[in-house]
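Structural overview for review
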Amino acid sequence: MKKYVCDVCGWEYDPAVGVPEAGIPAGTAFEDLPDDFECPLCAVGKDQFSEID
């Protein structure tokens, strides 16, 4: 699974870790995050994330 980075603040979403404090378990692919997912640091939506090569 690929990692994604917030284009606004640089926070990285790592599917191997998830976001436990937001109820997102480890192993959750970025594509499987809820449509209303927001960056935990700056609160922008999924459309403001880019895939990390």
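Use the structure listed above.
Attention in this report is confined to the structure presented alongside it. This structure is a prediction, so every number in the text was calculated from the model and none was measured. (Residues numbered from 1 in each chain as written. Predicted model: local features only at pLDDT ≥ 70, side-chain atom pairs only at ≥ 80, totals over all residues. Heavy atoms only, no water.)

On to the overall build of the chain. Looking only at helices and strands, one finds zero helices and three strands in the chain. When the helices and strands of the chain are read in sequence order from the N terminus, they spell out β-β-β. Since a compact globule built from 53 residues should have a radius of gyration of about 10 Å, the 10 Å found for the chain is in line with a globular shape. Counting only C-alpha atoms, the chain reaches 25 × 25 × 15 Å along its principal axes. Taking all 53 residues of the chain together, 32% fall into the buried category. Long-range contacts, defined as pairs at least 24 residues apart, comprise 45% of the intrachain contacts of the chain with a sequence gap of at least 6. For the chain, the accessible surface area stands at approximately 3300 Å², while carbon and sulfur atoms represent 48% of it. (Helix = DSSP H or I, 4+ residues; strand = E, 2+ residues; numbered from the N terminus. Rg over C-alpha atoms; globule rule 2.2 N^0.38 Å. Buried < 20%, exposed > 50% of the residue type's maximum accessible area, 1.4 Å probe, protein only. Contact = heavy atoms within 4.5 Å. Areas by Shrake-Rupley, 256 points an atom, 1.4 Å probe, with all protein chains shown as cover.)

The next subject is the sheet that holds strand β1 (residues 4–6). Strand order in the open sheet formed by three strands is β2-β1-β3, with antiparallel pairing between adjacent strands. The open sheet is flanked by β2 (12–13) and β3 (49–51), the only strands paired with a single partner. In this sheet, β2 lies alongside β1 in antiparallel orientation, the contact comprising two bridges. Across the sheet, the residue bridging to V5 is E12, located in β2. (Pairing = 2+ DSSP bridges.)

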